[in-house]
Amino acid sequence: MLHTNNRLSQEERIIRCLFKDRLIQTRSSAYLEPTLFDNIENRAIISGIIAFMAKYGTFPSAADMGIGIPEESTIKTQFNKILDSDVDDDVNAENQIDSIEGFFKKQKTKRILEKHAEAIFNGQITEVLPQLLEDLTGAVNFSINSSSAMSMLKDIDHILSELNKPSIAIPSSLNQLRYHTGGEDDPTAGGWYRKAVSAFMGMPNIGKTIFLCNEAAFAYRCGYNVLYISLEMHEELIYKRIMANVSQVEQKDIKHQSSDALKELLEKHVIHNNSKHGDVYCKQLDANTSATDIENTILECERVHDTSIDFLVVDYLGIMKPSNNNKNANTYQIGKDVTEQLRDVAMRRNIAILTATQTNRSGYDDTNVTMANTSESTGINATLDFLITITQDEFLRRERIFSNTIIKNRFGPKDITLFTKCDFLRMTLTDASQGDLEAYYSTLGSTDQIVDGFNKEASASIPVPVKKEVPKLQPNKPKNTSNSSLASIVSVNTNNKPVDIIPPGYILKKSEKVHDEKNIINRNITIRQQQPNIPLPTDDGIF
């Protein structure tokens, strides 16, 4: 008989999902406890499921349960009501698993407080406090392990559904970064991936917070909800940077704007080719904050503002502490634990996390930074999904250009160098243009000083780029260059010695002889492949 009353309780909906959705069943069945359910009949149903699994090693079907439950019993009536109700089962499995996890946390906390209530009431709080805190910590940190194995054959529909989702990445503001993390099939799909932790790495005071705020601002403009956790800078200062970026009002003038005028500007600069309207939430936490503290902040933010967080920015990774607080752990283990626990938050909450880490002293003022230059712990490198450097020499700094090299990338190629231009007045970063880079070369050409990391040999002077007789050479990256244009930069070498004046990302292709009016000289021909201007994500793909 079909029950038309579709108002199932949370307990009843959880039981229904266990029988209707295999993924939820696979992920949640190991955590079932009858005591977590308040309804007596629901407790009996859960007890029956556990007993069947213990005896037969598999989850029972609805028919199996029907055989085991006595006819004409209240348990049978309740079971039939749950399965036969006319309710909509078209819900996202991952969201439902999160809901089940939240229910289990709440019920575990409730049972713990009930267990210790009498002792607390009798004034024995000192005696029970250590155990109470330990139990409550376990309840708060409880999570459903989402790594349970699925079957390639039985769960093939779910697997294909996940693979065919348009995008799981929060788009980056930088075209080049999106290109090198989106893949050749869809270069607009790259950026900061959900269920992953990405990081910028640079020396102190290089501008890591500028990059973090820039990406937070762009995610907001694209319609995502951003939570910015600051462990150093005050919330209002973070907001000033992000608002300057979005509104394009100079930082110094933000405080002079009226609230209505500023709000209008912030909404005006939203990218309107999406169906969502995002927001930015900022919270300053103490240094030595743990991943558990951050996850609790996410939950509180979502509860208070009735929203869901898409993008978490943590400023920054190096001053966090592990949730387990192992006093015997060394620096390597601490860094690894913190990063792994932060990644667990990304997995559980289905969010993208972006953070920052510092280089060690050997990486200061060095444009050739590698993973060996990670300051806090090389264990961080093992867990991060994406790592990109922020470096400058004095000439790049003079032109307000950063050099960024992708040194770890689970989503595309690594050892790729990008160049970004910073508008410090508005705290905005963009891809450096060809004109920006030519200004940099011009600066190099006005001095004999050699920049370590970019210039390997001294040269008396830097020649003016020659724009004629450039051979048509095939660039090494990317493979698909049908819509790309080649910008050539030619450095003249009159003494037959290599002159490497080109920053990383520019590749020496070949040497050829070019006829000069007086003699024949060798010129090293250098070609740079400029990526196409990647369009912003659209409603039919990203959002």
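Residues numbered from 1 in each chain as written. Predicted model: local features only at pLDDT ≥ 70, side-chain atom pairs only at ≥ 80, totals over all residues. Heavy atoms only, no water.

A.B. asks: Can you break down the overall build of the chain residue by residue, with the values?
C.D. replies: Across its full length, the chain carries 18 helices and 14 strands. For the chain, restricting intrachain contacts to residue pairs at least 6 apart in sequence, the fraction spanning at least 24 positions comes to 69%. Working note: accessible area of the chain is about 27,100 Å², and carbon and sulfur atoms make up 49% of it. (Helix = DSSP H or I, 4+ residues; strand = E, 2+ residues; numbered from the N terminus. Contact = heavy atoms within 4.5 Å. Areas by Shrake-Rupley, 256 points an atom, 1.4 Å probe, with all protein chains shown as cover.)

A.B. asks: I'd like to hear about the sheet that holds strand S11 (residues 428–431), residue by residue, with values.
C.D. replies: The nine strands are arranged S5-S4-S6-S7-S3-S8-S9-S10-S11 in an open sheet whose pairing can be described as mixed. Strands at the two margins of the open sheet, each flanked by one partner only, are strand S5 (279–284) and S11. On average, each strand axis in the sheet is inclined to that of its neighbour by 25°, with strand direction left out of account. With six bridges connecting them, strand S4 (residues 225–230) and S5 associate as parallel partners. Of the residues in S5, the one forming a bridge with Ile229 is Lys283. (Pairing = 2+ DSSP bridges. Axes fitted to C-alpha atoms, helices over the stretch in contact; angles between N-to-C directions.)

A.B. asks: Mind laying out the environment of Ile120, listing which residues take part and the relevant values?
C.D. replies: As for its placement among the helices and strands, Ile120 is situated in helix H6 (residues 93–121). Among residues more than four places away in sequence, those in contact with Ile120 are Val128 and Leu132.

A.B. asks: Tell me about the pairing of strand S7 (residues 352–358), and name the residues and values.
C.D. replies: One face of the sheet, then the other: side chains in a regular strand alternate in exactly this way. Counting buried positions along S7 gives seven out of seven residues, so the element sits mostly inside the fold. A two-sided burial pattern is seen for S7, the buried positions comprising Ala352, Leu354, Ala356 and Gln358 on one face and Ile353, Thr355 and Thr357 on the other. (Buried < 20%, exposed > 50% of the residue type's maximum accessible area, 1.4 Å probe, protein only.)

A.B. asks: Describe H6, listing the residues and the values that go with them.
C.D. replies: With 29 residues, H6 extends 41 Å between its outermost C-alpha atoms, agreeing within 8% with the 42 Å of an ideal straight helix rising 1.5 Å per residue. Maximal helix bending in H6 amounts to about 35°, located at Lys115. Where H6 terminates, the next one or two residues include Gly123, which has phi positive at roughly 80°. (Expected span 1.5 Å × (residues − 1). Bend = angle between axes of the 7 residues up to and from the residue.)

A.B. asks: Hey, could you go over the packing of aromatic side chains for me, with residue numbers and the actual values?
C.D. replies: Using the criterion set out here, one finds eleven aromatic pairs in the structure. Taken together, a centroid distance of 5.9 Å and an interplanar angle of 55° make the contact between Phe103 and Phe104 tilted. With respect to class, Phe103 is no different from Phe104; both count as buried. Here the aromatic rings of Phe200 and Phe211 are separated by 5.0 Å at their centres, their planes lie at 50°, and the arrangement is tilted. (Phe/Tyr/Trp six-rings, centres within 6.5 Å; stacked < 30°, edge-to-face > 60°.)

A.B. asks: Got a sec to walk through the nonpolar core? Specific residues and values, please.
C.D. replies: Ranked by size, the top nonpolar core spans 48 residues in total, and within it Trp192, Phe200, Tyr228, Ile242 and Phe311 carry the most contacts. In contact with Ile242, not counting residues within four places along its chain, are Cys213, Ala216, Ala217, Tyr228 and Val280. Grouped together as the second largest cluster of nonpolar side chains are 28 residues, Val197, Ile294, Leu342 and Val345 included. (Core = buried A, V, L, I, M, F, W, Y, C linked by side-chain atoms within 4.5 Å.)

A.B. asks: How would you explain the environment of Ile46 if you had to name every residue and give the values?
C.D. replies: Take Ile46: it is sitting in helix H3 (residues 40–56). Separated by 14 residues in sequence, Ile46 and Leu32 place their C-alpha atoms 7.1 Å apart. Residues in contact with Ile46, not counting those within four places in the same chain, are Ile15, Leu18, Leu32, Glu33, Pro34 and Phe37.

A.B. asks: Please set out a nonpolar patch on the surface residue by residue, giving values where relevant.
C.D. replies: Taken together, the side chains of Ile120, Ile125, Leu129 and Leu133 make up a nonpolar region of the molecular surface, amounting to roughly 310 Å² of accessible area. Element by element, the count of residues in the nonpolar patch is highest for helix H7 (residues 125–140), at three residues. Considering the arrangement of structural elements, one finds Leu133 in helix H7. Residue Leu133 is classed as partly exposed on the basis of its relative accessible area, which comes to 47%. (Patch = residues over 30% accessible without salt bridge, like charges linked within 9 Å, V, L, I, M, F, W, Y side chains within 5 Å. Salt bridge = Lys/Arg side-chain N within 4 Å of Asp/Glu carboxyl O.)

That is the geometry; function is a separate question.
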